[in-house]
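# Structural description and commentary
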Amino acid sequence: MIKVDISNVWGQLSLPDLLATEKEVAAAHAALTDHTGAGSDFHGWLDLPTTQETPEMHRIQEAADRIRANSDVFIVIGIGGSYLGPRAAIELLQGCNHNLGKGKGNPQVFFAGNGLSTRYWNELCRLLEGKDFSIAIISKSGTTTEPAIATRALRWMLERKYGTDGAKKRIYAITDPCKGALRQMAEEEGWETFVIPPDVGGRFSVLSPVGLLPMAVAGIDIRQVMAGAAEAKETYNLRSFENPVWLYAATRNLLYRNGKVMEIFESYEPSFKMFGGWWQQLFGESEGKDGKGIFPVSAEFTADLHSLGQMIQQGERNMFETMVRFAPPEHRYTIGGDYKNLDGLNYLEGKTLDFVDEQAFRGTVAAHVDGGVPVMVMDCGELNDAKVGEMFYFLELCCGVSAYMLGVNPFNQPGVEFYKRNMFHLLGKPGYEN
Ligand code: PA5
C-alpha cells in the first residue's frame, strides 16, 4: 500500500479538523463509486484495471511484439491525456535516457504531436533517417490539431518509405470506437485500431490502450501494470482515514481552505519528471475550474532545491508540498575515500548515495516545515511495473475524491477550448471566422 504521512502538516491543521471532514470525504468517494457525482458518464476508468488478460490486451501485446520486431523507432503521436501517461510510465521505469542503445528488437520510443515546435520536428526527422519505424496515433476526439499535423506528416513519411500497403502495417490508431476523424481515417485506410472507451476521459486513460500499447512496445510488462492497478482498486476502496486516498484528498482540501493554493509534487528521482507532468495535468485539468483549484507544480529534488528552494523556504506562504519517495534500488553506490581529501568529503566515505539522498530528504522536510510549508510524504515503496499501475490508479482515485470535495466536475475541461478557438480564428479555419 502507498503510505501518506501527514505528520508534517500538524502545524497548519489539527486532527479534529481532519476528522471533521470524514462525512465529506466519504460522500466524495461514494459519489465516484456509486456514479452519482458530476460527470459520472466519465467514470469508466474506475473499472479499467483487470487481473485477467483481456482479448484487447492480448491484441495490444501482439501488436507490440510486431513493432518491436520490425522497428528501430516507435513514434507515439498524442497530446495531453493522450501522451503524458505512457511517457510518464516509460521514463519512470526505464529512466530519462531509456532510448540509449535501443534499436530493432527493443525499439526507441519517441513522442510527437504534443506541441507545434518546428525545431522538435526537424530533430525527429533527423533521428528517423535510415531507421525502420512505426507510429501510434492517439486521439480520443480524433480532431486535435497538434497530433493531426504530426499524423499527416509521419503517415506520408511512412508511405514514401514503405508504399501504401507497407505503411498500413506500421500505423496503429487509438481512438473512440465510433466517432471522430481518426476513427474514420483508420477504417478507410485499414489501420489496426484500439479503443479508448467513450466513458474514459483523456487524462484518466493511461490504463487503456493509450498507455498500454506504448508501454508494451517499450518492453514493460503490461499484465503486471494492470495487476498493480487491479490490486489498487481493491486496496483503496477502504472507507476510512486508514485509506491514504482519504488522507491525501482531505488534507490537500483543508490546506487549500487555509490559503495554501499551490501544491508542489516532488521526487528525488530525475526519472519522475514526466510522472510529475502526468500528475500535474491530472489535477490541474480536473480541479482548475469555476474559479477554484490548487495550482499543481511538479519539481525534481535535489536539483530544484537549487532553483525553487529559496522560494519554498522564504517566499509567499501559499504552498504545500507532497514528496514522493521510493525504496532505493538493489544496486547501490558507495562513496569512496580520497587520501588527499581536498574536497573535504572523506566524512562520507563508506556511505551509500541513497543514504545521502535520505538525509537530504529529511533535512529538506524539516527546513520547509520550519519555514511554514506543510509537507505530505507519499511513500511508494519498491518501484516496478506493478507499482506504476498502482500509482496511476491511486492518484486518479485521489483526484476524483479531491475534486468532488472541492465541488467541481473533475471530468470536463471547458477552459481548454478558449485558446483553440482563437488559434482556429487566426489560422482561418472554416467556421471560426468570427
Ligand atoms: O484530458 C483530456 O481530456 C485532454 O488532455 C485530452 O487528452 C487532450 O486534449 C487530447 O485530446 P484528444 O485525445 O481528443 O486528442
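We now turn to the structure provided with this report. On a predicted model such as this, the values are computed, not experimentally measured, just so you know.

Turning to the pattern of salt bridges, a few remarks are in order. Under the counting rule described, the total for this entry stands at 23 salt bridges. Linking Glu417 and Lys420 is a salt bridge whose minimum nitrogen-to-oxygen distance equals 3.5 Å. With Glu417 and Lys420 both in helix α15 (residues 417–427) and 3 residues apart, this pair spans about one turn of that helix. On the accessibility criterion, Glu417 (33% relative accessible area) is partly exposed. Through salt bridges that share partners, Glu56, Arg59, Arg66 and Glu192 make up one connected network.

To continue, consider the packing of aromatic side chains. In total, this model carries 20 aromatic pairs according to the counting rule given. Pairing Trp45 with Tyr393 gives two aromatic rings, centres 6.1 Å apart and planes at 55 degrees, and the pair type is tilted. Here Trp45, found in the loop between α2 (22–33) and α3 (55–70), pairs with Tyr393, found in helix α14 (residues 385–406); they are 348 residues apart in sequence, far enough to count as distant. For Tyr393, a relative accessible area of 3% puts it in the buried group. Consider the rings of Phe204 and Phe411, whose centres lie 5.0 Å apart with planes at 55 degrees: the pair is tilted. Here Phe411 lies in the loop between α14 and α15 and Phe204 lies in the loop between β6 (192–195) and α8 (209–217), a separation of 207 residues in the sequence. By relative accessible area, Phe204 is classed as buried at 1%.

A few words on the sheet that holds strand β2 (residues 73–77). The pairing of strands in a sheet happens through backbone hydrogen bonds and is either parallel or antiparallel. With parallel pairing, 5 strands are arranged side by side in an open sheet as β3-β2-β4-β5-β6. Here the strands that pair on one side only, and so sit at the sheet edges, are β3 (108–112) and β6. The mean inter-strand angle of the sheet, taken between neighbouring strand axes irrespective of direction, is 20 degrees. One ladder, built from 4 bridges, connects strand β4 (residues 133–138) with strand β5 (residues 171–175); its direction is parallel. Across the sheet, the residue bridging to Ile135 is Ile171, located in β5. Packing of helix α5 (residues 118–128) onto the sheet brings it into contact with β2, β3 and β4, and relative to β3 it is tilted by some 150 degrees. Lying over the sheet, helix α7 (residues 181–189) contacts β4, β5 and β6, oriented at roughly 145 degrees with respect to β5.

Scoring rules and cut-offs
Residues numbered from 1 in each chain as written. Predicted model: local features only at pLDDT ≥ 70, side-chain atom pairs only at ≥ 80, totals over all residues. Heavy atoms only, no water. Salt bridge = Lys/Arg side-chain N within 4 Å of Asp/Glu carboxyl O. Helix = DSSP H or I, 4+ residues; strand = E, 2+ residues; numbered from the N terminus. Buried < 20%, exposed > 50% of the residue type's maximum accessible area, 1.4 Å probe, protein only. Phe/Tyr/Trp six-rings, centres within 6.5 Å; stacked < 30°, edge-to-face > 60°. Pairing = 2+ DSSP bridges. Axes fitted to C-alpha atoms, helices over the stretch in contact; angles between N-to-C directions. Contact = heavy atoms within 4.5 Å.

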